Amino acid sequence: MATHAHEHHKESFVSKYIFTMDHKMIAKQFLVTGMFMATIGMIMSILFRIQLAWPGESFKFLTFFLGEKWAPGGVLDPNMYLALGTIHGTIMVFFLLTAGLSGTFSNLLIPLQIGARDMASGFMNMLSYWFFFTASVIMLVSLFVESGPAAAGWTVYPPLSALPQAIPGSGLGMTLWLVSMTLFIASQLIGGLNYIVTIVNLRTKGMTMTRLPLTMWALLVTAILGLLSFPVLLSAALLLVFDRMFGTSFYLSDIYIAGEALENSGGSPILYQHLFWFLGHPEVYIILLPALGLTSEIISNNSRKPIFGYRAMIGSILAIGFLSFIVWGHHMFVTGMDPFIGAVFTFTTLLIAIPSAVKAFNYITTLWKGNIRFTPAMMFSVAMVSTFISGGLTGIILADSALDINLHDTYFVVAHFHIVMGLSAVLAMFAGVYHWYPKMYGRMLNMKLGYAHFWLTFVSGYGVFFPMHFLGLAGVPRRYYTNSEFPLFDAFIDMNVLMTVFAIVGSAAQVIFFFNFFYSMVRGPKASQNPWQANSLEWTTPVEHIHGNWPGALPEVHRWAYDYSKPGKDEDFVPQTVPLAEGETDGEH
Amino acid sequence: MTFLIILLVLLVFAALIQLVRVFELTGKLKGNNQDRIDFKENRFRAKLWLVFGAGYFAFIIWLIVKYGPVMLPEAASEHGATIDSVMAFNWAILFLAFAITHVLLFYFASKYYWMPNRKADYITHNNKLELVWTSFPAIVLAVIIIYGLSAWNDITDEAPSNGINIELYSKQFDWTARYAGSDSTLGAANINFINTSNPLGLITPETIETRISEIEDEITKLEGDLEEAPEDGLKEEELTEKIARKNRQLNKILAYKRKNEVEPYRSADDDKLVKVEFHVPVGVPVNFQFRSQDVIHSAYMPHFRAQMNTVPGTITEFHFTPTITTAEMRQKTGNSEFNYLLLCNKICGAAHYNMQMNIIVESQEAYDKWLAEQSTFTSSETAELRNQINEQLAQN
Ligand code: HEM
Ligand SMILES: [Cu+2]
Ligand SMILES: [Cu+2]
């Protein structure tokens, strides 16, 4: 590629900030959009947590937010409760932790860490963002329709999601949900294809696959998972659209509702669940793998020590990616599926625990005998190792079909997935933002605010979700508007209050982050080129963003990304661009 | 109020800005820029991990002490006891794994903090160590899998033939339990037979006749409306469509009628329907079948460690043997109001949170007595109709 194509030239505001094809700007667009959506999702969780802590009590501001229809007299309406949960789940899983997380860091880091001028197709990259943006807008619009937003849970199981007679949210709200998700899937496919092609084809000279930073491996496998599984969700959604609008019976059979026997016959709601979870399970790894990739990088860098077991880490990522496609049935143990198939899914699911354990051990061993700098990013990363282990272990219980009989759909599940997926990925995403902020905005975030934000977020995270294990073990079902109809659950009234208080504190802590984020953008201290003394290529680019990333020729790579504290070197880091000395070996030797 | 909130938000922001200024100034005074780390502060942060670790463990212990006693009481079914022991076994392993990894994590984090003149050890990997920590979890998991799956196989085995047969039927938003009656067979059912007096859509010669005449009446009424409706309007289209639907429904029912003439649908006659509370005898296997009228629900009976989804269009099954009577459990828990519960555990709409039924486990005698008191589906009210129909059938 000729360098003159990348010289600075005056750009209009629109082509620089809005319809931009520059991967660095697109990354920022994904980040800010994701943060915005997350704020909405977070506020929703506060609204329904208030109902759970103080069921039936009147809070004027609920009516202020939701109107007289959905919060009459300051008390949340049960249908709205379900709708808030549904949109909260959808936003957090898809808009924050899929698009927000992968979208931000794939875009920012892929070209920079492999030594490419930009993504393979800048145009498709731009499309990916605008599909995502439109999907977000439609999802938000769906909040305002007369019959309410989708309310059948983020998994939108039919028949509940197919029949407006069953729940008001399954009217126009559900239609908009499906339209939004269709655009969202398109965004993921376009983006994912681009990420894969870029990593495979555009690596700079010397950047072999086994010299890639682990972030790249994680993001590569993530994109492959998305490419293979999102189309299945799309087909599930399309069949649902057919059932809703054109009278087909893919998912419907023998239903009597609202005084009428429907004519649908021969369909199976279970078919939907198979299709949904064929995406749904890989989806949790689409969320988790980028989180693991980012923290691998940050932990190694701040421990000033090579990541332990680089090849084993790659192997684990690949094994997890592969296995994630053959475990979806663990969400369906009590649907009446054949017990033998249930047993197979138990087996495959528990297999995933092995590569996951390897990863956890590797993290811990990386800290061992390190020289650790606790930057805010490092604090978040260490915290993520803790949540990954805590949440992962309860997965072993849920994977055991015999044990899942009594825990399925209880708060134990809510505790499990919030800790292993929600907390881990959110903590890792924060870690990533703190670590790469200088790369994104050329300035440093304020560290003190970072620590305050970290501790409040981390402690509240466990404070909200850890007690939920106990609710689940006591048999409290999820998606209950209130637990007060069962004297059995009265023992947990004060626990529900405790969790809500933690949720409010944790959410309030995000104000600190938002402030830091936007304030530092204009007032933060200017960043140096390589503020964390890191090895990977992104830190060899100039602080000021330019098209094409490197002013001159592309950098050439001579070693892996983990030469931290290598014996015989003056500094405790050796950038990938430094040629090997005479007799020096590269990588895991 | 709104004004106060806005004021508060503004104040918080102003305070944050001032705070940052102070941080920046003190940073400059100390002469460290943001790239450099302060040794003491960094060591402090390292030690905080120990504090956090201790706090985390303390929190868990507090939760166990405070809420342990209000967890579910011991399993009240045979297979439930097995599940509880598998669970206990898994917990033992998980607690150990949790404790070891967390102690190491927090210990390493607190110990290996940055020192200006030290270099980290350059350790890239260690094949022996990695082999151990890959194969050790693999072995432990193998045990977990074998133990768990053997329990699963027992639980999901064929339903025992000496059990009683009960159907749990879900709809928005309540449950109905149906007992098979003296023939131990649950009669057939279909949605086209559902009306107010037959909420489960049971098929008997009587319900066939009733539905046929009901639908014929409806069709007559609709045809009357159609004649009055303005021609070519939307209303006409709608009515025509409705009539066509009703005719299709009628045909489905007539198909049952033809089958009925060959072999009468009689097994639902003695079925017994109960609401609010259902009884089961202790020590006898209960074979449940589940059906749903509208959307997916889930029959969750946590005290028996039992759960199965109810899926429209499909019949699902589960069976268990209760081992502890309600009276015994009241004694054990010291709660004289204790009741076994059936809850809905699959999101099904607005009142999902309140779809419950009590389950009474009692001695065989008490159960027999209770069941005898329940009226059968085709009770005395319809006896006359039944006699007529039986005569007709005999003539055919
Ligand atoms: C402010 C922090 C959060 C709080 C207080 C919170 C709380 C909750 C609660 C109470 C539920 C409802 C459980 C139920 O009734 O079944 C829920 C559902 C859910 N949450 Fe969160 N959550 C938070 C953050 C997150 C994050 C970061 C994620 C990302 C993974 C997430 C994903 C979900 C999902 C997928 C559901 C299920 C929605 C459904 O039932 O359809 N949440 N959350
Ligand atoms: Cu899964
Ligand atoms: Cu329900």
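Everything numeric in this text was worked out from a predicted model, so none of it was measured. (Residues numbered from 1 in each chain as written. Chains lettered and ligands numbered in written order. Predicted model: local features only at pLDDT ≥ 70, side-chain atom pairs only at ≥ 80, totals over all residues. Heavy atoms only, no water.)

Enquirer: Just to check I follow, could you spell out the domain arrangement of chain A for this structure?
Expert: A common measure of how large an interface is: the accessible area buried when the components associate. All names here are of chain A. The domain boundaries assigned to chain A delineate domain 1 (28-251), domain 2 (321-526) and domain 3 (527-589). For domain 1 versus domain 2, the separation of C-alpha centres amounts to 18 Å. Taken together, the contacts link 40 residues of domain 1 with 36 residues of domain 2. Summing the contributions of domain 1 and of domain 2, the shared interface buries around 3,100 Å²; its carbon and sulfur component is 76%. For the domain 1 face of the interface with domain 2, the top three residues by lost area are K28, M35 and R49, together amounting to 19%. At the junction of domain 1 with domain 2, the criterion picks out zero salt bridges. Scanning the region where domain 1 abuts domain 2 turns up six residue pairs in polar contact (both at pLDDT 80 or more). Those elements giving two or more residues to the side of domain 1 that touches domain 2 turn out to be α2 (23-53), α4 (78-114) and α7 (214-245). By residue number, the principal contributor to the side of domain 1 that touches domain 2 is α4, which donates 14 residues. (Domains from an automatic or database assignment. Contact = heavy atoms within 4.5 Å. Buried area = accessible area lost by both parts, 1.4 Å probe. Salt bridge = Lys/Arg side-chain N within 4 Å of Asp/Glu carboxyl O. Polar contact = N/O pair within 3.5 Å; in protein donor to acceptor, adjacent residues only side chain to side chain. Helix = DSSP H or I, 4+ residues; strand = E, 2+ residues; numbered from the N terminus.)

Enquirer: Is there a simple way to explain the coordination of the copper ion (ligand 2) in this structure?
Expert: Around a metal, the ideal angle is 109.5 degrees if four donors adopt a tetrahedral arrangement and 90 or 180 degrees if six donors adopt an octahedral arrangement. Residue and element names in this part refer to chain A. Coordination of the copper ion (ligand 2) by the protein comes from H281 (ND1), H330 (NE2) and H331 (NE2), over a distance range of 1.6 to 2.0 Å. When the donors of the copper ion (ligand 2) are listed by position in the chain, the intervening gaps give H-x48-H-H. Per residue, the accessibility class of H330 equals that of H331, and both read buried. (Donors = N, O, S within 2.8 Å, 3.2 Å for Na, K, Ca; no water. Buried < 20%, exposed > 50% of the residue type's maximum accessible area, 1.4 Å probe, protein only.)

Enquirer: Honestly, the pairing of strand β9 (residues 340-344) of chain B in this entry has me stumped. Any pointers?
Expert: A regular strand places its side chains so that they alternate between the two faces of the sheet. All names here are of chain B. For β9, the tally of buried residues reaches five of five residues, placing the bulk of the element in the interior. Residues Y340, L342 and C344 point to one face of β9 and L341 and L343 to the other, with burial holding for every one of them. Where strand β6 (residues 297-301) meets β9, two bridges bridge the pair, whose relative direction is antiparallel. Each bridged residue has a counterpart across the sheet, and for Y300 the counterpart in β9 is L343. Pairing analysis gives four bridges linking β9 to strand β10 (residues 356-362), with the strands arranged antiparallel. Bridged to L341 within β10 is N358. (Pairing = 2+ DSSP bridges.)

Enquirer: Is there a simple way to think about the domain arrangement of chain B in this case?
Expert: Residue and element names in this part refer to chain B. Segmentation of chain B into domains returns domain 1 (10-117), domain 2 (205-264) and domain 3 (270-395). Placing the centre of domain 2 and that of domain 3 at their C-alpha centroids yields a distance of 33 Å. With seven residues of domain 2 at the contact, the number on the domain 3 side is six residues. Of the roughly 500 Å² buried between domain 2 and domain 3 on both sides combined, carbon and sulfur atoms contribute 79%.

Enquirer: Just to check I follow, could you spell out the interface of chain A and chain B for this structure?
Expert: Taken together, the contact between chain A and chain B spans 138 residues of the former and 115 residues of the latter. When the area that chain A buries against chain B is broken down by residue, the three leading residues are Y256(A), E263(A) and I405(A), summing to 6%. Across the chain A-chain B interface, the total number found is five salt bridges. A salt bridge links E260(A) to R245(B); its shortest N-O distance comes to 3.0 Å. When the residues that make up the side of chain A that touches chain B are grouped by side-chain class, the tally is 86 nonpolar, 29 polar and 23 charged. (Nonpolar A, V, L, I, M, F, W, Y, C, P; charged D, E, K, R; others polar.)

Enquirer: Got a minute to help me understand the coordination of the copper ion (ligand 3) in this structure?
Expert: Residue and element names in this part refer to chain B. In this structure, C344 (SG), K346 (O), C348 (SG) and H352 (ND1) serve as the protein donors to the copper ion (ligand 3), at separations of 2.1 to 2.6 Å. One can describe the site at the copper ion (ligand 3) as irregular: its four donor atoms subtend angles covering 85 to 129° at the metal. Read in sequence order, the donor residues coordinating the copper ion (ligand 3) give the pattern C-x1-K-x1-C-x3-H. With relative accessibility at 0%, the residue C344 sits in the buried group. (Tetrahedral: all angles 85-135°; square planar, octahedral: opposite > 155°, others 65-115°.)

Enquirer: Hey, could you run me through the sheet that holds strand β1 (residues 164-171) of chain B in this one?
Expert: Sheet strands associate in pairs through backbone hydrogen bonding, adopting either a parallel or an antiparallel arrangement. All names here are of chain B. What the five strands build is an open sheet, ordered β3-β2-β1-β5-β8; its pairing is mixed. Every other strand in the sheet has two partners, leaving β3 (272-274) and β8 (316-320) as the edge strands with one partner each. The mean inter-strand angle of the sheet, taken between neighbouring strand axes irrespective of direction, is 25°. The sheet contact formed by strand β5 (residues 286-292) and β8 spans five bridges and is antiparallel. For Q289, the partnering residue across the bridge sits in β8 and is E317. (Axes fitted to C-alpha atoms, helices over the stretch in contact; angles between N-to-C directions.)

Enquirer: Please clarify how the site of ligand 1 should be interpreted in this entry.
Expert: All names here are of chain A. Residues in close proximity to ligand 1 total 25 residues, the closest being H88, W154, H418, R478 and R479. In this structure, an oxygen atom belonging to ligand 1 sits 3.4 Å away from a side-chain N or O atom of Y81. The side chain of R479 places a nitrogen or oxygen atom 2.6 Å from an oxygen atom of ligand 1. Classifying every residue of the shell around ligand 1 gives 15 nonpolar, seven polar and three charged. Split by domain, the shell around ligand 1 shows at least three residues from each of two domains, domain 1 (28-251) and domain 2 (321-526). (Near = heavy atom within 4 Å.)

Enquirer: I tried to follow a negative patch on the surface on my own but got confused; where do I start?
Expert: Residue and element names in this part refer to chain B. On the surface, D154, D157, E158 and E317 cluster together into a negatively charged patch. Counting through the fold element by element, E317 comes out in strand β8. You can call E317 exposed: its relative accessible area is 57%. (Patch = residues over 30% accessible without salt bridge, like charges linked within 9 Å, V, L, I, M, F, W, Y side chains within 5 Å. Areas by Shrake-Rupley, 256 points an atom, 1.4 Å probe, with all protein chains shown as cover. Lys, Arg positive; Asp, Glu negative; His and termini not counted. Charge placed at Lys NZ, Arg CZ, Asp CG, Glu CD.)

Enquirer: Quick question: what am I supposed to make of the environment of S147(A) here?
Expert: Residues and elements named next belong to chain A. Here S147 shows up in the loop between α5 (122-141) and α6 (172-201). When the C-alpha positions of S147 and F518 are compared, they lie 36 Å apart, and in sequence the two are 371 residues distant. The residues touching S147, leaving out its near neighbours within four places in the chain, are K69, W70, P168, G169, L172 and G173.

Enquirer: For this particular structure, what's the right way to read empty space enclosed by the protein?
Expert: Take a probe with the size of a water molecule and roll it over the atoms, and the empty space left behind shows itself. Residue and element names in this part refer to chain A. Under the defined criterion, the tally for this structure stands at seven cavities of 30 Å³ or more. Reported here for the largest cavity is a volume of approximately 1,100 Å³. Along the wall of the largest cavity there are 48 residues; nearest its centre are S45, H88, M92, H418 and F465. Mapped by element, the contributors of at least two residues to the lining of the largest cavity are α2, α4, α13 (411-441), α14 (447-465) and α16 (493-523). With 11 residues, α13 is the single largest residue contributor to the lining of the largest cavity. Taken together, the residues that form the lining of the largest cavity break down as 30 nonpolar, 15 polar and three charged. A domain split of the lining of the largest cavity shows at least three residues from each of domain 1 (28-251) and domain 2 (321-526). Within this model, the second largest cavity holds a volume of roughly 130 Å³. (1 Å grid on protein atoms, 1.4 Å probe; cavity = no way out; pocket = protein on both sides within 12 Å on 5 of 7 lines; lining within 4 Å. Points joined across faces, edges and corners; volume = space filled by probe spheres on them.)

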